[in-house]
Amino acid sequence: MTSRLRPRRTLGAAAAAALITTSLVAVPSGAAPAGKTGCDSRTNNTYAKLLECVTLDGVLEHMEAFQAIADAHGGNRASDTPGYQASVDYVVETLEASGWSAEVVPFTYDAADSELDQLTPLAASHPHRYATGTGEGEVTAAVVPVDINLVGDRANTSGCEAADFAGFPAGAIALVQRGGCAFGVKALNAEAAGAGGVIIFNQGDTSAGDRFGVLNPTLGGQDIVDIPVVGTSFDSGVSLAQAGSTARVSVQFTEVTSYNVIGELAGRAEGNVVMAGAHLDSVTAGPGINDNGSGSAGLLEVAQQMSKSRPENTVRLAWWGAEELGLIGSTEWVGQRTPEELEEIALYLNFDMIASPNYYFGVYDANESSFEAPVTVPAGSEHIEGTFESFYTLRGEPYDDSAFSGRSDYQAFINEGIPSGGLFTGAEVVKTPEQQAVWGGVAGESFDQCYHQACDTIDNLSHEALEVNADAVAFAVFRYAMSTEGVNGVRGASVPGRFTIPAPAGPEHTFAGPLGGDDGHDPDHEGEHE
């Protein structure tokens, strides 16, 4: 589901009412956006000025540039490809033209060459991708299907329980099917049962998007297993499931250098840095325009429109490399920092997939009111959650919690105790009827049916979600650029205009209540004036 481009909506009715009562002049709903020359030359030092200049058209210009880069470089912008290098160059040129400093920071990681060859009862080289988090090695052995289902809707829990591997022959290759649990659970269970390698094939149905093509599985982090793991298509899985099947699976690592881009706008205060980031790379399967051209473009538009805003705190924006290979770029950058440099980072905001075509508005659940996080969420993160909830309240938009699942670049910052938060509009998970009732769209379909596929193009967007979330990015970055007091106690400067940030609406306004989500409580937020 892709929305048509329409005139920019500046502020919704609820927002306009709030702004009028606080004496902040708002752009009338439906008014034409400020001209490019006007926005480029003026100081956007209030919420109203900044949000007027952060436009849907502006964000789409960057996303169209990413699409053109992919089109010119083999259809993708994946790490260690010419498409990624061209994306790096584009970000650097855009930042420097806007008056930001831009640093290209190298890091190294292990890439892999992989093979999946069936030997018997027929000889075939199957299309595949090595899994993020795979081990290294080569195995030639019998292929043993594990509780797979090739008929009907192909619903299954293949490999989700250790009991699925009862009697599994040591050294054999486990053939498991997508469905029922995370890919990493299947791979870990197979390794514990003595498998020499794992092949994960697609489910073979359309109830949650097109589950027939070649899988690009992520196991949940870097190097979680010691055996080779690859993903393949449903048809290849059917072939490999034949009686008497043997195969060769190989994954061999090589060292690769890639790059993060770090942009910085110096603040008046010293030693208090506000960071926000988005991963710049795509998967090899496609151009990655929602995942994550959306977050990358949103940050670029905000950088351009904040370039003359004179922040109190230094603003540091990051475009991460090799996220799709296991959060490598952000993890390496954090690891390159000294303890003193990490101490200066007041907070980190993450923007990964903010325009999914079948979207919901998700805010990372720092207070764990809906989802228990796998690690301790740093103190101060609840304030960030409240900031995004307040923005959606201001705009009259429903929101709900999104889990801190460890699947995006905030993880490296959380691991260092840095307060974190951000936005997410959904990936491969299926939208529920309850979510459809709140946000529209199509229940029973993935939030993004083109997730990690060739169809993640410039047409794979919700313009409505992108428009709202680009403003949400600007609102949060600008707020903390002026003061991080609610997060880390460091006082800053007031935003001109005497604007009151509203308390999050909470479930009593059905913003999160229908889904059993956030409680809307932020004791540091209510009645706060800026």
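Draft legend 1. Spotlight on the overall build of the chain. Looking only at helices and strands, the chain has 15 helices and 16 strands in total. Taken across its 530 residues, the chain has 58% of its residues classed as buried. A total of about 19,100 Å² of accessible surface is found on the chain, and carbon and sulfur atoms cover 51% of it.

Draft legend 2. Local environment of the side chain of threonine 425. For threonine 425, the position within the fold is in the loop between strand 14 (420-424) and helix 13 (433-439). We classify threonine 425 as buried; its relative accessible area is 0%. Side-chain polar atoms of threonine 425 contact the backbone nitrogen of alanine 355, separated by 3.3 Å. Among the polar contacts listed, one links the side chain of threonine 425 to the side chain of serine 356, at a separation of 2.9 Å.

Draft legend 3. Focus on a nonpolar patch on the surface. A cluster of nonpolar side chains, Leu150, Val151 and Val238, forms an exposed patch at the surface whose accessible area comes to about 220 Å². As for its position among the elements, valine 151 is in the loop between strand 4 (137-145) and strand 5 (173-177).

Draft legend 4. Representation of the pattern of salt bridges within the structure. All chains considered together, the criterion is met by 10 salt bridges. Residues glutamate 138 and arginine 248 are paired through a salt bridge, measuring 3.0 Å at the closest nitrogen-oxygen approach. In this pair, glutamate 138 sits in strand 4 while arginine 248 sits in strand 8 (residues 246-265), placing the two residues 110 residues apart along the sequence.

Draft legend 5. Geometry of the environment of alanine 195. Along the polypeptide, alanine 195 turns up in the loop between helix 6 (183-192) and strand 6 (197-201). Along the chain, alanine 195 and alanine 172 lie 23 residues apart, while their C-alpha atoms are 5.3 Å from each other. The contact partners of alanine 195, leaving out residues within four places of it in the chain, are Phe168, Ala172, Ala174, Ala190 and Ile227.

Draft legend 6. The packing of helix 4 (residues 56-72) against helix 14 (residues 463-482), seen in detail. Contact geometry for helix 4 and helix 14: axes closest at 9 Å, N-to-C directions at 110 degrees. Taken together, the axes of helix 4 and helix 14 are roughly perpendicular relative to one another. Contact with helix 4, carried on its side by Leu56, Val59, Leu60 and Met63, involves His463, Leu466, Glu467 and Ala470 of helix 14 and no other residues of that element. In the contact of helix 4 with helix 14, the residues fall into six nonpolar, one polar and one charged.

Cut-offs and rules
- Residues numbered from 1 in each chain as written.
- Predicted model: local features only at pLDDT ≥ 70, side-chain atom pairs only at ≥ 80, totals over all residues.
- Heavy atoms only, no water.
- Helix = DSSP H or I, 4+ residues; strand = E, 2+ residues; numbered from the N terminus.
- Buried < 20%, exposed > 50% of the residue type's maximum accessible area, 1.4 Å probe, protein only.
- Areas by Shrake-Rupley, 256 points an atom, 1.4 Å probe, with all protein chains shown as cover.
- Polar contact = N/O pair within 3.5 Å; in protein donor to acceptor, adjacent residues only side chain to side chain.
- Patch = residues over 30% accessible without salt bridge, like charges linked within 9 Å, V, L, I, M, F, W, Y side chains within 5 Å.
- Salt bridge = Lys/Arg side-chain N within 4 Å of Asp/Glu carboxyl O.
- Contact = heavy atoms within 4.5 Å.
- Axes fitted to C-alpha atoms, helices over the stretch in contact; angles between N-to-C directions.
- Parallel < 35°, antiparallel > 145°, perpendicular 65-115°, else oblique.
- Nonpolar A, V, L, I, M, F, W, Y, C, P; charged D, E, K, R; others polar.

These figures come from the coordinates and say nothing about function on their own.
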